[in-house]
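Here is how the chains run, residue by residue.
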Amino acid sequence: TMWSALATTIGAIATFCAVVVALWQSRLQNRKHLEVKLKYAISSPEGQHYLSISVPNRGNREVTLNGFSWKYNDGSTLFIPYQYCRFIANGEVVLFPYKLPLDSSVDILCTIPLVRSALITAINEKTISEHDKIKVYVEDSLGDIYYAKDRLDVRAYTKAKQNKTERFNRGWIRTKSY
C-alpha cells in the first residue's frame, strides 16, 4: 500500500542520513590541522640570527613531517640544505622525518646569511625576480602540503642590513592551514 511505501522511503532516507553523520564524525576524530608560521630575527645564544619556520600541530592526531622547502611564484623550488638548519621540538634538536605529537610544535631555524645567499644566487641565475613572493611549504608523510605565504618579497631578504639586527620592518606573514 501507499503507507508502507512511504514508511520504507522515510526509513531509507533516515538510514542514509545516519551513515553520512557517522562518516563525518569519524573524519573529525582523525583530523590533521597544521599551521605554518614565519618569524624573523630569532637570535641564538651564539649570536646567530635565524629565520624561524614554526609548525604547531593543532589537530586530533600525530603527524609525521617529511621536510620543508621554499617555493617562488613561478613554482620553482628552493631547497635549503638541512645541515644549515636546526630542527627543534620541545627544546631538543630533532631530525626529519619527525613525528609531531598532539599540541606540540617543531621550529625549523635557518641562518639568515644562508637564506640571503641562496636567494641572491637564484636572482643571479634568473630563477626568480627581486619582486617575487615566497611560500614556505611543509610536507607530511601522506604528501599533504601546508604553507605560509610571505608578504615580503625577495628584495626584503637580500637588502637587509647585515651589520644590524636582522629585522625585516615590513610586517609578518599570513598563515594558511588546512
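Summarised in this report is the structure supplied together with it. Predicted model only: the values in this text are computed from it and were never measured.

In this section: the overall build of the protein. Across its full length, the protein carries three helices and 11 strands. Secondary structure elements of the protein, listed N to C terminal, follow the sequence α-β-β-β-β-β-β-β-β-α-β-β-α-β. Taken over 178 residues, the protein has a buried fraction of 39%. Relative to all contacts within the protein whose residues are 6 or more apart in sequence, the contacts with residues 24 or more apart total 62%. Counting only carbon and sulfur atoms, one obtains 54% of the accessible surface of the protein, whose full area is about 10700 Å².

Here the focus is the environment of Ser104. Considering the arrangement of structural elements, one finds Ser104 in the loop between strand S7 (98-100) and strand S8 (105-111). What makes Ser104 buried here is its relative accessible area of 13%. Sequence separation of Ser104 and Val55 is 49 residues, and the distance between their C-alpha atoms is 8.6 Å. When residues no more than four places from it in sequence are discounted, the contact partners of Ser104 are Val55, Pro56, Asn57 and Asn90. Reaching out from Ser104, the side chain makes a polar contact with the backbone oxygen of Pro101 at a distance of 2.8 Å.

Using the criterion set out here, one finds three aromatic pairs in the structure. Ring geometry for Phe87 versus Phe96: centroids 4.7 Å apart, planes at 65°, classification edge-to-face. On the accessibility criterion, Phe96 (16% relative accessible area) is buried. Arranged with centres 5.5 Å apart and planes meeting at 35°, the rings of Tyr137 and Tyr147 form a pair that is tilted. Placement of Tyr137 in strand S9 (residues 133-140) and of Tyr147 in strand S10 (residues 145-153) is noted, with a sequence separation of 10 residues between them. This pair shows no difference in class: Tyr137 is buried, exactly as Tyr147 is.

Attention now moves to the environment of Gly75. Within the secondary structure, Gly75 is located in the loop between strand S3 (63-72) and strand S4 (77-78). Counting along the chain gives 60 residues from Gly75 to Lys135, while the straight-line C-alpha distance between them is 9.6 Å.

Criteria and thresholds
Residues numbered from 1 in each chain as written. Predicted model: local features only at pLDDT ≥ 70, side-chain atom pairs only at ≥ 80, totals over all residues. Heavy atoms only, no water. Helix = DSSP H or I, 4+ residues; strand = E, 2+ residues; numbered from the N terminus. Buried < 20%, exposed > 50% of the residue type's maximum accessible area, 1.4 Å probe, protein only. Contact = heavy atoms within 4.5 Å. Areas by Shrake-Rupley, 256 points an atom, 1.4 Å probe, with all protein chains shown as cover. Polar contact = N/O pair within 3.5 Å; in protein donor to acceptor, adjacent residues only side chain to side chain. Phe/Tyr/Trp six-rings, centres within 6.5 Å; stacked < 30°, edge-to-face > 60°.

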